[in-house]
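Spelled out from the first residue to the last, the chains are:
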Amino acid sequence: MLAALFFGFAALLVVTSLMVVLHKNPVTSALFLVLAFCSLAGIYLLLRAEFLGMVQIVVYAGAIMVLFLFVIMYLNLQHDVESGLQIAVRRGIGWFVGALLLLVGGALLKRGWALGPANEVLPDVEQGNVAAIGRSLYSRYLFPFEITSILLLVAMVGVIVIARGRTRHAGGRAGGAGGVGGGA
Amino acid sequence: MAALWSIPAVQTATWAFVKVMIILNGMLGVVSYLIYAERKICGHIQARTGPNRVGPFGLLQPIADVLKLLFKEEFIPANANKVIFHIAPILAVFPAVVTFSVIPMGPPPMFVATDINVGLLLFLAMSSLGVYAITLGGWSSNNKYALLGGLRSSAQMISYELAMGLSTIPVLLRSGTLSLVGIVENQAGWYALGRTPLALPNWGIFHWYLILPFVIFLITAFAETNRAPFDLPEAEGELVAGFHTEYSSMKWALFFLGEYMNMIVISSIAVTLFFGGWHGPGLMFGVHGWLSEGPAWMGLVWYLIKLGALMFFFIWVRWTFPRLRYDQLMGFGWKVLLPAAIANVLIASVWIYIRGGM
């Protein structure tokens, strides 16, 4: 049962990921990426990582991809307007990175890479792993956690500064940090 | 047959299937009469009688409506993206149905389809997927009004989702679990008011630090279901009919169905988080609460009473308040609701820490 579910989700993940790259229409590609995220969430659920699975859907499928779609629809990308040279360079880089990935994957498989977690220490089923993640996040990994949040805050302030700089051509940049709520 | 039935997995799967069928068909029936109720209530609010021609008190009106919708001609615009145009209405219904599988409608195991330990997260995940239906429906119709409605709705729903997620955190702090059954069981029994002999049911809403989260949750619920006063995606005065301008026949009906199903789901979550779910004074008071007597189906009755009251409130608000302007809507979401929700998380956690709740 579990194996069947795993192979179902895995096959869906592979097919949808391929469609993301191969499909011509950018909106359809983005939608296949949403489907890929959802099947990845299914695999997380099978690994008993419920929290990760749900957060995957909330953050990637529900928020980030909506913004992506927003941008794609806004730009209304229909056809390539690039010269042949640019396309050739891009394809060359693509082939190189793809070959590298294939090599790394082959090496991993050859070294006996196995499915599932390396050590079978799972949190007890009743409690789930939400509490376990919270505990380790706020004890052992507190410093990286706080650093990440500060990084996000910096990015947020940066975005506001840039946006204000564009709307008011002069003198807008100085008040950026203090003007979080004042984006008139 | 008997040998097959003795396998536990088969039994579980069969019962799950039966419950899913009951929930799905029950929802469809409830939605059609919810629309009838909405039309009746709106009529009386506006000093009219509402539908009263088909059957006694117009009770057969929903059946007539559905039949009409089924037999109407379906129209697809010339340059629409056909596949996405077909998928969007399905996406409008599916998150609501999935979320309903984790909502406890009565005491477990009878009235709970599944009890997973991330039930609340599943609700948040599914409500975040609800944006796609409207955005894609608006975009694929190849109509500028529909596109504007779709874009408005995605901005609105993303903005209000944050405040909604944050408003549920004090509830989690209090109950210490993400399972919806666990959250309801945490609200069993009575809650004494200081040293007075007065007592209130131990529901979330009767704890002072959960009143503001409830208000925030309710406001964001209106925004997430695209109901007035936040129905900007389909503001008919400026956008014809918004994202579903080009939809007709059953596809349009699916959008309508999705809106009402979302209303039921979000009201159920509000009942679960803030109104003690299936608990009710006098009749049935939970599994390990004081006065734990009465049959299990009384829990279902209490749940339905609370749900009905909230749904009435939803309809009441829609026909009472005018629509917000778009910039007011975004400003309110980001500058009022979000800071208030964050401040409340802080206050609630400090209070729970002082009281030694965790």
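Our structure's up above, just so we're on the same page.
Residues numbered from 1 in each chain as written. Chains lettered and ligands numbered in written order. Predicted model: local features only at pLDDT ≥ 70, side-chain atom pairs only at ≥ 80, totals over all residues.

### Examining the overall build of chain B
The cut-off we apply is this: Secondary structure elements are taken from DSSP: a helix is a run of H or I of four residues or more, a strand is a run of E of two residues or more, and numbering for both begins at the N terminus. Based on C-alpha atoms, the radius of gyration is set beside the globule rule, defined as 2.2 Å times the residue count to the power 0.38. With C-beta atoms placed from the backbone, the exposure class of a residue follows from how many other C-beta atoms lie within 10 Å of its own: 20 or more, buried; 12 or fewer, exposed; in between, partly exposed. C-beta atoms are first placed from the backbone for all residues, and any pair lying within 7 Å is then listed as a contact.
On a plain count of helices and strands, chain B comes out with 13 helices and two strands. Radius of gyration (C-alpha) of chain B: 22 Å, near the 21 Å computed for a compact globule of 358 residues. Each of the three principal axes of chain B carries a C-alpha extent, and together these read 65 × 60 × 45 Å. Buried positions account for 46% of the 358 residues belonging to chain B. Expressed as a percentage of contacts within chain B between residues at least 6 apart in sequence, the contacts between residues at least 24 apart total 75%.

### Focus: the overall build of chain A
The number of helices and strands found in chain A is six helices and zero strands. Starting at the N terminus and walking to the C terminus, you meet the elements of chain A as α-α-α-α-α-α. The buried share among the 184 residues of chain A stands at 15%. Within chain A, residue pairs in contact and separated by at least 24 positions form 44% of the contacts whose partners lie at least 6 positions apart.

### Observations concerning the interface of chain A and chain B
It is common to report an interface's size as the accessible area lost on association of the parts. The test is simple: Residue classes follow a fixed rule: Ala, Val, Leu, Ile, Met, Phe, Trp, Tyr, Cys and Pro count as nonpolar, while Asp, Glu, Lys and Arg count as charged, and any other residue, Gly among them, counts as polar.
Facing the 16 residues of chain A at the interface are 17 residues of chain B. At 12 residues, helix α3 (residues 50–75) of chain A tops the list of elements feeding residues into the side of chain A that touches chain B. Class assignment for the residues of the side of chain A that touches chain B results in 12 nonpolar, three polar and one charged.

### Quick notes on the nonpolar core
Just so we agree on the cut-off: In these notes, a nonpolar core means any group of buried Ala, Val, Leu, Ile, Met, Phe, Trp, Tyr and Cys residues linked to one another through C-beta atoms within 7 Å.
Formed by 109 residues in total, the largest nonpolar core has its most connected members in A:F37, A:M54, A:I57, B:A125, B:M261 and B:A270. If you tally residues by element for this core, the top one is helix α11 (residues 249–274) of chain B, at 16 residues. With sequence-adjacent residues up to four places away left out, A:I57 is seen in contact with A:F37, A:C38, A:A41, A:G62, B:A125 and B:L129.

### Considerations on unusual backbone geometry
With glycine set apart, most residues show a phi of negative sign, and most peptide bonds adopt trans. Backbone geometry at A:R48 places phi at a positive 60 degrees, although glycine is not the residue there. By the secondary structure assignment, A:R48 is in the loop between α2 (26–46) and α3. The phi dihedral of B:A47 falls on the positive side, at around 60 degrees, and the residue is not glycine. Relative to the helices and strands, B:A47 resides in the loop between α2 (8–45) and α3 (61–71).

### Examining the environment of B:Y36
All names here are of chain B. Assignment of secondary structure puts Y36 in helix α2. For Y36 and S6, which are 30 residues apart along the polypeptide, the C-alpha to C-alpha distance reads 44 Å. Those residues in contact with Y36, other than ones at most four positions away along the chain, are P51, Q61 and P62.

### As for helix α6 (residues 144–167) of chain B
The periodicity of an α-helix, 3.6 residues per turn, causes residues three or four positions apart to be oriented the same way. For clarity, the threshold we go by: Any helix carries an expected span of 1.5 Å times its number of residues minus one.
Helix length check: α6(B) (24 residues) gives 35 Å between terminal C-alpha atoms against 34 Å at 1.5 Å per residue, within 8%. Of all 24 residues in α6(B), 19 are buried; the element is thus mostly enclosed.

### As for the packing of α11(B) against helix α12 (residues 297–318) of chain B
Residues and elements named next belong to chain B. Stated precisely, the cut-off is as follows: What counts as an axis is a line fitted to C-alpha atoms, over the stretch in contact for a helix, and the angles between N-to-C directions run from 0 to 180 degrees. Roughly parallel means an angle under 35 degrees; roughly antiparallel, over 145; roughly perpendicular, 65 to 115; everything else is oblique. Working rule for handedness: look at the near helix, and if it is turned counterclockwise from the far one by less than a right angle, call the crossing left-handed; if clockwise, right-handed.
Contact pair α11 / α12: the axes reach a minimum separation of 9 Å and the direction vectors enclose 120 degrees. Comparing their axes, α12 and α11 come out oblique. The crossing of α11 and α12 is right-handed. Where α11 abuts α12, its residues M263, S267, S268, A270 and V271 lie against Y303, K306, L307, L310, M311 and F314. When its residues are assigned to classes, the contact of α11 with α12 shows eight nonpolar, two polar and one charged.

### Overview of α12(B)
All names here are of chain B. With 22 residues, α12 ought to run about 32 Å at 1.5 Å a step, and its terminal C-alpha atoms sit 32 Å apart, in line with that. Along α12, the residues that are buried comprise G299, W302, Y303, K306, L307, L310, M311, F314 and I315. Looking at the buried residues of α12, the elements they touch are α2 and α11.

### Topic: the environment of A:L152
All names here are of chain A. Secondary-structure assignment places L152 in helix α6 (residues 142–167). Its 10 C-beta neighbours within 10 Å are what place L152 among the exposed residues. As a C-alpha pair, L152 and L22 span 130 residues in sequence and 33 Å in three-dimensional space.

### Section: the packing of helix α9 (residues 211–224) of chain B against helix α13 (residues 326–354) of chain B
Residue and element names in this part refer to chain B. Interaxial distance between α9 and α13 falls to 10 Å at its minimum, and their mutual angle equals 150 degrees. Considering their axes alone, α9 and α13 lie roughly antiparallel with respect to each other. Pair α9 / α13 crosses with left-handed handedness. On α13, the residues touching L212, P213, I216, I219 and T220 of α9 are L337, A340, A341 and N344. Taken together, the residues that form the contact of α9 with α13 break down as seven nonpolar, two polar and no charged.

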